[in-house]
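Notes for the structure review
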Amino acid sequence: YRQATQLQPSALQHWAALGSVLAQVWGQSAADELRSIIEHQAPLLLGSALGPGPRDLGAQRLCQAAAWSRSLSLGSRWEEAFWKAAQSRSRFGCVFEQWEVMEGAPK
């Protein structure tokens, strides 16, 4: 995934896959690289087009990045913006699954 992000730096799917693997496998020990991924994704994610209903991949990726930041205590400056954008675009999938992590209470 790292090589894919270098070959196609504007392809969100590579950044999302790399971040997901790092967050799940390495967790806090990958904090610096995850912060870098979140920073790189910010303009791409916040400018991504809306998808059809619950299959809005932009909302899914916004939610994932916000959840990495919160659950691993990364403190990304984009965390709140990503979460609010994800919420405004979708009420399904990741937003539903990560509600307690992000809001501190069950939905």
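That block above? That's the structure.
Throughout what follows, the structure given in this document is the object of discussion. (Residues numbered from 1 in each chain as written. Predicted model: local features only at pLDDT ≥ 70, side-chain atom pairs only at ≥ 80, totals over all residues. Heavy atoms only, no water.)

Here we take up the overall build of the protein chain. Along its length, the protein chain carries seven helices and zero strands. Traced from its N-terminal end to its C-terminal end, the protein chain shows the element sequence α-α-α-α-α-α-α. The C-alpha atoms of the protein chain give 13 Å as radius of gyration, which agrees with the globular expectation for 107 residues (13 Å, within 12%). Across its three principal axes, the protein chain shows a C-alpha extent of roughly 35 × 30 × 20 Å. (Helix = DSSP H or I, 4+ residues; strand = E, 2+ residues; numbered from the N terminus. Rg over C-alpha atoms; globule rule 2.2 N^0.38 Å.)

One way to put it is that helix α4 (residues 57-71) packs onto helix α5 (residues 79-89) with a least axis distance of 8 Å and a crossing angle of 145°. Considering how the two elements wind past one another, α4 and α5 form a crossing that is left-handed. Counting all contacts with α4, which are made through Gly58, Ala59, Leu62, Cys63, Ala65, Ala66, Ser69 and Arg70, the residues of α5 involved are Glu79, Phe82, Trp83, Ala85, Ala86 and Arg89. Of the residues assigned to the contact of α4 with α5, the class counts are nine nonpolar, two polar and three charged. (Axes fitted to C-alpha atoms, helices over the stretch in contact; angles between N-to-C directions. Left-handed = near helix turned anticlockwise from the far one by under 90°. Contact = heavy atoms within 4.5 Å. Nonpolar A, V, L, I, M, F, W, Y, C, P; charged D, E, K, R; others polar.)

Moving on, we come to the pattern of salt bridges. Counted by the stated rule, this structure contains six salt bridges. Of the charged contacts, one joins Glu79 and Arg70 as a salt bridge, the two residues approaching to 2.5 Å between their closest N and O atoms. When its relative accessible area of 34% is taken as the criterion, Arg70 is described as partly exposed. (Salt bridge = Lys/Arg side-chain N within 4 Å of Asp/Glu carboxyl O. Buried < 20%, exposed > 50% of the residue type's maximum accessible area, 1.4 Å probe, protein only.)

Before going further, it helps to examine the side chain of His14. With respect to the secondary-structure elements, His14 resides in helix α2 (residues 12-26). For His14, a relative accessible area of 16% gives the class buried. Each residue touching His14, except ones within four places of it in the same chain, is listed here: Tyr1, Ala4, Thr5 and Gln8.

End to end, α4 covers 21 Å across 15 residues, agreeing with the expected 21 Å (1.5 Å per residue, within 8%). Residues Gly58, Ala59, Arg61, Leu62, Cys63, Ala65, Ala66, Ala67, Trp68 and Ser69 constitute the buried set of α4. The N-cap residue of α4 is Asp56: its side-chain oxygen and the backbone nitrogen of Gly58 are 3.0 Å apart. Two residues or fewer past α4, Ser73 is found with a positive phi of approximately 55°. (Expected span 1.5 Å × (residues − 1). Polar contact = N/O pair within 3.5 Å; in protein donor to acceptor, adjacent residues only side chain to side chain.)

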